[in-house]
Amino acid sequence: CHIKGFTVDEGNTVYDSRNGCNAIIETATNTLLAGCEATVIPHGVTAIASNAFMGVENLAHIDIPAAVTSIGENAFVHCGLREMKLPDGVTELKQYTFQYCGDLSKIELSENLTSIGVAALSHCAFVEIVIPDSVTAIGQYAFDYNEKLERVVIGKGVRVIGDYAFDGCRNLTSVVSHIPADELFEVSSNVFGNVGEDCVLYVPRGAGSVYRNTHGWNVFTTIVEL
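Along each chain, residue indices are assigned from 1 in the same order as the chain's sequence is written. Only residues with pLDDT of 70 or above have their local features reported here, since the model is predicted, and side-chain atom pairs are shown and tallied only from 80 upward, although totals for entire chains, interfaces and linings are computed over all residues. For the side-chain quantities, the full set of heavy atoms in the structure was used; hydrogens and water were omitted.

**Side note on the overall build of the protein chain**
Condition: Under the DSSP-based scheme used, a helix requires at least four consecutive residues in state H or I and a strand at least two consecutive residues in state E, with every element numbered from the N terminus. For this measure, only C-alpha atoms enter the radius of gyration; the expected value for a globule follows 2.2 Å times N^0.38, where N is the number of residues. When accessible area is computed with a 1.4 Å probe and restricted to protein chains, residues below 20% of their type maximum are described as buried, those above 50% as exposed, and intermediate ones as partly exposed. What makes two residues a contact is simply this: any of their non-hydrogen atoms within 4.5 Å.
The number of helices and strands found in the protein chain is 1 helix and 16 strands. Computed over its C-alpha atoms, the radius of gyration of the protein chain comes to 19 Å, within 12% of the 17 Å expected for a compact globule of 226 residues. Dimensions along the principal axes, computed over C-alpha positions, put the protein chain at roughly 65 × 30 × 25 Å. Scored against the burial criterion, the 226 residues of the protein chain give a buried share of 49%. The contacts of the protein chain with a sequence gap of at least 6 include a subset with a gap of at least 24, amounting to 29%.

**Considerations on the pattern of salt bridges**
So the rule is basically this: By definition here, a salt bridge exists when the distance from a side-chain nitrogen of Lys or Arg to a carboxyl oxygen of Asp or Glu is within 4 Å.
A complete count under the given rule lists 4 salt bridges for this structure. For R151, the salt bridge goes to E128, with nearest N and O atoms at 2.5 Å. Here R151 is found in strand β12 (residues 151-154), whereas its partner E128 is found in strand β10 (residues 128-131), with 23 residues between them in sequence. Overall, the relative accessible area of 38% leaves E128 in the partly exposed class. The salt bridge partner of R159 is E183, with a shortest N-O separation of 3.3 Å. Note that R159 is positioned in the loop between β12 and β13 (160-161) and E183 in the loop between β14 (174-177) and β15 (200-203), a separation of 24 residues in sequence. For R159, a relative accessible area of 30% gives the class partly exposed.

**Let's talk about the sheet that holds strand β7 (residues 92-93)**
What holds strands together in a sheet is hydrogen bonding between their backbones, with the strands either parallel or antiparallel. Here is the rule we go by: A strand pair is defined by DSSP finding two or more bridges across the two strands.
Reading across from one edge, β7-β9-β11-β13 is the order of the 4 strands in this open sheet, with parallel pairing throughout. Across the chains shown, the open sheet's two edge strands, defined by having one partner strand only, are β7 and β13.

**Re the nonpolar core**
The cut-off we apply is this: Among the buried residues, those of types Ala, Val, Leu, Ile, Met, Phe, Trp, Tyr and Cys that are joined through side-chain atoms within 4.5 Å form a nonpolar core.
Formed by 65 residues in total, the largest nonpolar core has its most connected members in F53, F76, F98, I131 and W217. Listed by contribution, the elements that provide at least two residues to this core are β2 (23-26), β10, β12 and β15. Once you skip the residues sitting within four places of it in the chain, F76 turns out to touch I48, F53, L59, I62, I64, I71, L81, T97, F98, Q99 and C101.

**Describing the packing of aromatic side chains**
Each aromatic ring pair is described using two quantities: the centre-to-centre distance and the angle formed by the ring planes. What counts here: We call Phe, Tyr and Trp rings a pair once their centres come within 6.5 Å, taking the six-membered ring for Trp, and we label the pair stacked below 30 degrees between planes, edge-to-face above 60, and tilted otherwise.
Scanning the model with the defined rule gives 9 aromatic pairs in all. On the basis of an interplanar angle of 10° and a centroid distance of 5.3 Å, the ring pair of F76 and F98 is categorised as stacked. Taken together, the positions of F76 in the loop between β5 (70-71) and β6 (83-85) and F98 in the loop between β7 and β8 (106-108) put the pair 22 residues apart, joining distant regions of the chain. Classification of F76 by relative accessible area gives buried; the value is 0%. Geometrically, the ring pair formed by F166 and F192 is stacked, given 5.4 Å between the ring centres and 5° between the ring planes.

By themselves, these observations are geometric and do not establish any function.
Okay, structure coming up:
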């Protein structure tokens, strides 16, 4: 997508491009429907629609205002983003949100995030990902084929991890799980598929034996208590 800018006629009562933001906004709902590489998201926007920035390869950076609470499916697929900070109002990362953002080397997730959707952050370029304690569910393929990923921190609130969530993350050297022993759950053996034998799983103190005897977690050759 090589659109350089958007403007909406000032007489339009349904859509606007307020403050020269280079985006199309649905006025009544404050939802950004379409953006481009020159977009500056205005502070009044509360939602980013599905597909809003899909394929904007020259979009290297964009600030998402604190008022935004919803980001739609596929919103930033195949973008040129290099870093991203999600506002704390975003509680759900929907499917394919940042898939194939091959230059995305840093992302900070919302401290109120509760779920990470299918393939939401797959095929990206970050080296580390910290999943907040607020997250309860990680979807299928959520982080698959992040081949630069070296370290994952899994918050203590996670209760579901979908198939192939970390499949193909061949350079992982450490997975830190804060899930307590009495809340640990089985995962498919493909969740950490293709993770090398040198990758170490770090677990809460006293939880080592539970992890070693729980399906999917016991694929790690080395499990170390924190």
